[in-house]
Amino acid sequence: ATAQNRVTVNASDGKTVINRHIYGHFAEHLGRCIYDGFYVGETNTKIPNKNGVRLDVIEALKKMKIPNLRWPGGCFADTYHWKDGIGPKAKRPKIVNTWWGGVTEDNSFGTHDFLNMCELLGTEPYLAGNVGSGTVQDLSDWVQYVNFPNNSPMSTLRQQNGRKTPWNVRYWGVGNEAWGCGGNMTADYYANIYRQYATFMGTQVGKETIFRIASGASSDDFNWTETLMKNIPGKMVEGVALHHYSTFGWGPNEKGSATEFTETDYAHTMNEALKMDTFVQKHSEIMDKYDPQKKIALVVDEWGAWYEVEPKTNPGFLYQQNTMRDAILTGATLNIFHKHAERVRMANLAQAVNVLQAVILTKGDKMLLTPTYHVLEMYNVHQDATMLPIDLKTEDYTSGKYKLPAISASASRDQAGKVHISLVNIDAGKPQTVTVNLKGVSATSLTGRILTSAKVQDHNTFEQPNKVKPVPFTGATRNGDVLTVTLPPVSVVVLEMK
Ligand code: AHR
């Protein structure tokens, strides 16, 4: 059949770098993300670990090239008093994790544990400060504790707790979801509070400057962004956040199963996910009015799919499986971020391990990589590469009442001159053939990898951890400046030309 899908790669028009930080992750004190996820404790475990952090998890995340990790929340961040999590573990106070299952939080994983883990991962920490129930002094002390090189009460305390040199944490969230779990504030009120907190955080971090992220809007709350941009002076903020989850509804039992769903349910999820394009576009337009030079980043610091928890698991722990549906969602969302690379310079998938759209699931000493992991690993070639703008003409994919683009795509050129093109076939019903026009790509060799499976519901289990995994792709042929690529239904392909 003649291809009705056309991608034109404008290889000479690349100017914007795809910031590697859009490939960031999120680790909240929620369910089994930290405890029994990242962290298994130093004692009473046979699982290989360094200071209690699982080595298999570290190795997998390094391979995926995790660029940053946000912690300790989420909603938990606005209940978290960081001083509870330093010093001898036995003496740390036990608190209630009020947002997530009402379980006891023993604070055994605290600031040192997290920041040392980030060093092990080779990733940049992104600390979310407590604005909802903390104080200006607490947050300013936290910055001092982790970043101040010379003598001060906080840096002395840090040294007494075993860490001589500062960690130099650049990325700081000033509260989280201030419109909801972060304090149910109005946008105007939060804008003022933000200014107050930001004033006392200091600006220098080692040789660099601090990167403060204002708690942002949910999905289409454009008024939130407008109010923040209008009321917070540009020199006081480096990033404004945005959260968007793909779900079926927020009511009890409305979110649908992560693994048992129809093709039209899949189309629904994708429809929700693809709204990211419009949301990012509109929030960016508002930011452009106040910040035409795009100095302030749009930071999508929570995104992903949110389903019902797996049967027989704690509803407050948000443990869900992860299928090819989630892989398609990931590929398409990253393509959207690439397209908006000028303004979207950081993002965090929710969440890294055992929570929501996780890249890793664990069970005892077992660990598996989800389809979402594989997409992030395949796409990591785009990190810090120059985005090559594309023109896309795509067929429609329809299921039930949903009409979606069948194809999602993006392209970049890395520092070594290699060109990568990412193509997603969203269509669950049939293969799609795409004609790719390579204006100005001189590279000749062509290789590729594909992630796909027979059914969109397919996923990895602890019994069958490698059911869904990337394999070499042979469905592309090049003829002069034209590639012809045949994509199976629900597939993610990354092509490399060098
Ligand atoms: O990621 C789970 C929760 O979703 C976060 O804690 C909160 O910020 C959001 O509502």
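This structure is a prediction, so every number in the text was calculated from the model and none was measured.

Bringing the domain arrangement of the protein into the picture now. Structurally, the protein comprises domain 1 (5-10 + 388-497) and domain 2 (20-384). Computed over C-alpha atoms only, the centres of domain 1 and domain 2 are separated by 29 Å. In terms of residue count, strand S22 (residues 407-413) provides more of the side of domain 1 that touches domain 2 than any other element does, four residues in total. For the side of domain 1 that touches domain 2, the residue count by class is 15 nonpolar, eleven polar and five charged.

For His382, the location among the structural elements is in the loop between helix H9 (371-379) and strand S18 (386-387). Remark: the alpha-carbon pair of His382 and Val344, spanning 38 residues in sequence, is separated by 14 Å. Leaving out residues up to four positions away in the same chain, His382 has contacts with Ile18, His338, Ser412 and His420.

Moving on, we get to the sheet that holds S22. Read from one edge to the other, the open sheet built from six strands follows the order S18-S22-S23-S29-S25-S26, with strand pairing classed as antiparallel. At either end of the open sheet lies a strand with only one pairing partner, and these are S18 and strand S26 (471-472). Across two bridges, strand S25 (residues 446-452) lies against S26 in antiparallel orientation. Each bridged residue has a counterpart across the sheet, and for Ile450 the counterpart in S26 is Val471. Here helix H8 (residues 324-339) sits on the sheet and contacts S18, S22, strand S23 (419-425), S25 and strand S29 (491-497); the angle it forms with S22, its principal contact strand, is near 50 degrees. Against the sheet, H9 makes contact with S23, S25 and S29, and its axis sits at roughly 165 degrees relative to S25, the strand it touches most.

Now for the UniProt feature "domain: Alpha-L-arabinofuranosidase C-terminal" (unreviewed entry) in the protein. In the numbering used here, UniProt assigns the feature "domain: Alpha-L-arabinofuranosidase C-terminal" (unreviewed entry) to residues 301-491. As annotated, residues 301-491 comprises 13% helix and 40% strand, and the C-alpha atoms at either end are separated by 26 Å.

What follows covers the sheet that holds strand S15 (residues 344-350). With respect to topology, eight strands assemble into a closed barrel ordered S2-S5-S8-S9-S12-S13-S14-S15, the strand pairing being parallel. Taken pair by pair, the neighbouring strands of this sheet meet at an average axis angle of 30 degrees, ignoring direction. As paired elements, strand S12 (residues 211-218) and strand S13 (residues 239-246) share four bridges and run parallel to each other. Directly across from Ser218, in S13, lies its bridge partner His243. In the packing of helix H7 (residues 263-290) onto the sheet, the strands contacted are S12, S13, strand S14 (297-305) and S15, and the crossing angle to S13 comes to about 160 degrees.

What counts, and at which threshold
Counting from 1, residues in each chain are numbered in the order their sequence is written. Local features in this predicted model are restricted to residues of pLDDT 70 or higher, and side-chain atom pairs are both shown and tallied only at a pLDDT of 80 or more, whereas totals for entire chains, interfaces and linings draw on every residue. These domain boundaries are the output of an automatic or database domain assignment. A run of H or I in DSSP counts as a helix once it spans at least four residues, and a run of E counts as a strand once it spans at least two, with each numbered from the N terminus. By the convention adopted, Pro, Cys, Tyr, Trp, Phe, Met, Ile, Leu, Val and Ala count as nonpolar, Lys, Arg, Asp and Glu as charged, and the other residues, Gly among them, as polar. Each residue is represented by a C-beta atom placed from its backbone, and any two residues with such atoms within 7 Å are regarded as in contact. Strand pairing is assigned whenever DSSP detects at least two bridges linking the two strands. Under this scheme, a helix contributes an axis fitted over its contacting stretch, all axes are lines through C-alpha atoms, and angles between N-to-C directions fall in the 0 to 180 degree range. UniProt positions are given in the numbering used here, feature names are shortened, and annotations may be inferred rather than shown by experiment.

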